[in-house]
Amino acid sequence: MASLNRPWWAALAVLLVATCLWPTGSVRAGDVSLESAVKANFLYKFAPFVAWPPPALADPVAPFRICVIGDDPFGATLDNAVRGQRIGMHRIAVRRAPAAAKGMGCHILFAGKSRVQSPTEMLGAVAGEPVLTVTDPSRGVSGGMIQFVMRSGRVRFTIDAPAASASGLNISSKLMELAVAPGQ
């Protein structure tokens, strides 16, 4: 398994914990922008805590791709969050598409609501590939390896480690410790 910038892990762990525990009491049903901004930041901050199989990141100059499939709740917020960021040696590139397909080259795939594919079809299109799938049940899509959830006014997440493992991904115990149990 390829690991990404192990020396950064300590700093990223602190940052992730701070983001996770940072009170977002101002996040209300009508204040989607703050909630979306927090989720957009989480998307790329998950990456250093996941080990992809070596072929997934074999080309040192290829970008690390975050794909947003279907409806995009992030817009420019995600682009701004990843601007200038790197995952290991890889610059981060955001790709948007109406549907998921095998071989898209995504490392992280956020599945949004789509008129083209059902959530099952979307996630099925990349099943078995080394793609970390992220969903948001509050937006009508569930079943990802990581799912966003709101708990006490804070953006949190659950993790389905067996699903990640089935796709050749290894999620760090540090990230697992920050996740909440489903339904918790």
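Residues numbered from 1 in each chain as written. Predicted model: local features only at pLDDT ≥ 70, side-chain atom pairs only at ≥ 80, totals over all residues. Heavy atoms only, no water.

> Hey, could you run me through the pairing of strand S4 (residues 90–97) in this one?
By the bridge criterion, 6 bridges tie strand S2 (residues 64–69) to S4 in an arrangement that is parallel. When the bridges of S4 are listed, Phe64 appears paired with Ile92. For strand S3 (residues 86–87) and S4, the ladder comprises 2 bridges, and the chain directions are antiparallel. Across the sheet, the residue bridging to Ile87 is His90, located in S4. What sits between the antiparallel neighbours S3 and S4 is a turn of 2 residues, in which Gly88 has the positive phi angle 65 degrees. (Pairing = 2+ DSSP bridges. Helix = DSSP H or I, 4+ residues; strand = E, 2+ residues; numbered from the N terminus.)

> Looking at this structure, I do not really get the sheet that holds strand S5 (residues 108–111). What am I missing?
Two pairing modes exist for strands in a sheet, parallel and antiparallel, and in both the strands are linked by backbone hydrogen bonds. Taking strand neighbours across the sheet as the criterion, the 7 strands line up as S3-S4-S2-S5-S6-S7-S8 in an open arrangement whose pairing is mixed. With one partner strand each, in any of the chains shown, S3 and strand S8 (154–159) form the two edges of the open sheet.

> Looking at this structure, how should I read the pattern of salt bridges?
Using the criterion set out here, one finds 4 salt bridges in the structure. Between Asp136 and Lys39 there is a salt bridge, and its shortest N-O distance comes to 2.6 Å. Of the two residues, Asp136 is situated in the loop between strand S6 (132–135) and strand S7 (146–151) and Lys39 in helix H2 (residues 32–45); the sequence distance between them amounts to 97 residues. With respect to burial, Asp136 and Lys39 carry one shared label: buried. Put simply, Arg96 and Asp79 hold a salt bridge, and the shortest N to O gap is 3.1 Å. (Salt bridge = Lys/Arg side-chain N within 4 Å of Asp/Glu carboxyl O. Buried < 20%, exposed > 50% of the residue type's maximum accessible area, 1.4 Å probe, protein only.)

> Help me understand the packing of aromatic side chains, please; the structure alone is not making it clear to me.
Think of a pair of aromatic rings as described by two things: how far the centres are apart, and how the planes are tilted against each other in angle. Overall, the coordinates contain 7 aromatic pairs when judged by the stated rule. Relative to Phe157, the ring of Phe46 lies with its centre 5.1 Å away and its plane at 75 degrees, an arrangement referred to as edge-to-face. You can see Phe46 sitting in the loop between H2 and strand S1 (50–51) and its partner Phe157 sitting in strand S8, a full 111 residues away along the chain. Aromatic side chains Phe74 and Phe110 sit 4.9 Å apart centroid to centroid with 70 degrees between the ring planes, which places their arrangement in the edge-to-face category. One end of the pair, Phe74, is in the loop between S2 and helix H3 (76–82); the other, Phe110, is in strand S5, and 36 residues separate them in sequence. One aromatic cluster is present, built from ring pairs that chain together Phe42, Phe46, Phe148 and Phe157. (Phe/Tyr/Trp six-rings, centres within 6.5 Å; stacked < 30°, edge-to-face > 60°.)

> Which parts of the structure should I look at to understand unusual backbone geometry?
Of note in this structure, Ser152 is not a glycine but carries a positive phi near 50 degrees. Within the secondary structure layout, Ser152 lies in the loop between S7 and S8. A relative accessible area of 72% places Ser152 in the exposed class.

> Help me understand the nonpolar core in this model?
Considering soluble globular proteins, one finds that nonpolar side chains tend to be buried as a cluster. Formed by 36 residues in total, the largest nonpolar core has its most connected members in Leu43, Phe46, Trp52, Ile66, Ile108, Leu132 and Phe157. Contributions of two or more residues to this core are made by H2, S2, H3, S5, S6, S7, S8 and helix H6 (173–178). With 5 residues, the single largest contributor to this core is H2. When residues no more than four places from it in sequence are discounted, the contact partners of Ile66 are Leu43, Tyr44, Leu78, Val82, Ile92, Ala93, Val94, Arg95 and Ile108. Listed in part, the 14 residues of the second largest apolar core include Ala100, Ala111, Leu123 and Val141. (Core = buried A, V, L, I, M, F, W, Y, C linked by side-chain atoms within 4.5 Å. Contact = heavy atoms within 4.5 Å.)

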